[in-house]
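An overview of the molecular structure
Next come the chains, spelled out residue by residue.
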Amino acid sequence: MKHKHLICAAFGVLALGLSATSAWAQTLSDKDSAAILAGIDAHKGQLAANARKIWEWAEVGFHEDQSSALLQQQLKAAGFRVEAGTDGIPTAFTATYGSSGPVIALLSEYDALPGLSQVDQPVEQSRGGLAGHACGHNLLGAASVEAAIALAKWLKASGTPGTVRLYGTPAEEGGFAKAYLVRDGFFKDVDAVLSWHPSSSNGASQGQLLSMVTAKFRFTGIASHAAAAPERGRSALDGVEIQNVAVNYLREHIPSDARVHYTITDGGDQPNIVPAHAESFYYVRHYDPEVVRDVFDRVVKAGEGAALATGTKFEYEIIGGSFGTLPNDTLGRVVDASLRKVGGYSYTPEQQRFADEIARTLPKGAAKGGPSAIGTYDFGRKGSASSDVGDISWVVPTASLGTATWVPGTAPHSWQAAAASGTSIGVEGAEVAAKTLALSGAQLFLQPDKLRDAKAELQRSQGAGFKYEPLVGNRKPPLDYARSSLPRGRK
């Protein structure tokens, strides 16, 4: 009872705007840690079942109807208040347990990647679907839900004041749902965010990812017979190609760590018709969001020049965008300590055979470490990918970790990742993540001074005068962006 009164007193002081002192900071007891871990162990079957169902459904961004409903149902059964359709996004949801104390949020993703259907075997083979979980979001979503439920049970059992919130965030693979949720104020009362992502190794290093903007550039020309009357036509495809050439020349005159890549998503209908319509899809990336804005503006100018040169009309649509992650060392060290307490895992003989077969398909020297190893903690390392978690990290202190859900050396967005994500190897790594998130959350609920320090660190990292201006702009979420990238006639 004395323990409970001390915590309540600490939060009472915080509520009055005073600083918490180290005397009130509590350390998560071994008994409580063991209870949290045992609770997740007891629900491992549920985690595995949910991860497998979501893997089989393999629903693309903003259309994860079954996956979202499954996770919502589990959270409701655990006593969470669930609100579906957050921010007008049909497959987004918000689940909350508790109503007092600090708010600690977890993130759940469940969208698949178009075109990466794969069986759960160590050979490259489509299982007949249109999409696949080659980024492991089936594991990500299921494990985060288990962590949230474990935290809620601990709050109730210990009498600790606090609120656990889980955001169901669809369409991470290019739909940028989190950016819209941040833009529209859904994280404004959150004190800390804990996230994780499937990986080929275990580690809690806090790094910086790339900011990005994605957009579709559309040219409209005049159709004509390409042989009998070419002079009457104005080729939209010429516009796309000239813009691409201009952008490729632009690469020499942008920062060396900027990234620009594109595909032609519409090149016309057939060669004997001058194309009246054509479209390209661009990604522009850099660590600094302001550099992204500048480079993107120059890509737009290249399109305008291409339209002038070809006598076509030009328009573009920003599909999405996200800030690069802003790492938080205060939270990162809490997560790292929790991960080391949880530890990794070892392969069973069957899992080892699977891993050995996958390893033979990877580039020589790709494999490093193993599922039992925990990587050295590092802060500030620059990564080469992007995630809409970045927008959250610029407005709320955020920390993340990766766990070994894939065979060492596996690249994300590969058939090897999709295969492992549907197996017990993926579940083992996901359980490590669930345990780490739950222990980290419990520790932060007991140490309001850590939350205060994390917020102060965020404010220093933001810099003076920072104002969040989303790279997605004012547009509504592009609810059909992923389906448009599936093969024609098979959406």
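Rules behind the numbers
Residues numbered from 1 in each chain as written. Predicted model: local features only at pLDDT ≥ 70, side-chain atom pairs only at ≥ 80, totals over all residues. Heavy atoms only, no water. Pairing = 2+ DSSP bridges. Helix = DSSP H or I, 4+ residues; strand = E, 2+ residues; numbered from the N terminus. Axes fitted to C-alpha atoms, helices over the stretch in contact; angles between N-to-C directions. Buried < 20%, exposed > 50% of the residue type's maximum accessible area, 1.4 Å probe, protein only. Contact = heavy atoms within 4.5 Å. Polar contact = N/O pair within 3.5 Å; in protein donor to acceptor, adjacent residues only side chain to side chain. Expected span 1.5 Å × (residues − 1). Arc of directions from axis to C-beta. pLDDT = per-residue confidence, 0-100.

Side note on the sheet that holds strand β12 (residues 313–322)
If you trace the 4 strands from one edge of the open sheet to the other, you get β10-β11-β9-β12, paired in antiparallel fashion. Strand pairing shows two members of the sheet lacking a second neighbour, β10 (259–266) and β12, which therefore form its edges. Strand-to-strand twist in this sheet, taken as the mean axis angle between neighbours without regard to direction, amounts to 20 degrees. The sheet contact formed by strand β9 (residues 211–220) and strand β11 (residues 277–286) spans 10 bridges and is antiparallel.

Regarding the environment of R293
Structurally, R293 can be placed in helix α8 (residues 289–310). With relative accessibility at 23%, the residue R293 sits in the partly exposed group. With 82 residues separating them in the primary sequence, R293 and S211 have C-alpha atoms 9.7 Å apart. When sequence neighbours within four positions are dropped, the list of residues in contact with R293 reads F323, E469, P470 and L471. Among the polar contacts listed, one links the side chain of R293 to the backbone oxygen of E469, at a separation of 2.7 Å.

Remarks on unusual backbone geometry
With a phi close to 60 degrees, D87 is a non-glycine residue in the positive phi region. Residue position: D87 is located in the loop between β1 (81–84) and β2 (93–97). Of note in this structure, A171 is not a glycine but carries a positive phi near 55 degrees. Judged by its relative accessible area of 0%, A171 is buried.

Some words on the side chain of T423
Mapped onto the elements of the fold, T423 is located in the loop between α12 (415–421) and α13 (424–446). Looking at T423, the relative accessible area reads 14%, which means it is buried. Among the polar contacts made by the side chain of T423, one reaches the main-chain amide nitrogen of I425 at a distance of 3.2 Å. Residues within four places of T423 in sequence aside, it is in contact with D120 and F354.

Quick look at helix α3 (residues 44–57)
Since the α-helix advances by 3.6 residues per turn, residues separated by three or four positions end up pointing in the same direction. For α3, which comprises 14 residues, the first-to-last C-alpha distance of 20 Å matches the rise-based estimate of 20 Å (1.5 Å per residue) to within 8%. All buried positions along α3 are accounted for by L47, N50, A51, I54 and W55. Angular distribution of buried residues about the axis of α3 spans 135 degrees; they occupy a single face of the element. The inward-facing, buried residues of α3 abut α4 (65–77), α5 (137–158), α12 and α13. Downstream of α3 by one or two residues, A58 has phi in the positive range, about 45 degrees.

Examining the confidence of the model for the protein
In this model, the protein carries an average pLDDT of 92, and 93% of its residues clear a pLDDT of 70 or more. The low-confidence segment residues 1–24 (pLDDT under 50) makes 27 contacts with residues lying over four places distant or belonging to another chain. Across residues 486–491, confidence stays below pLDDT 50; counting only partners more than four residues off in sequence or on other chains, it has 8 contacts.

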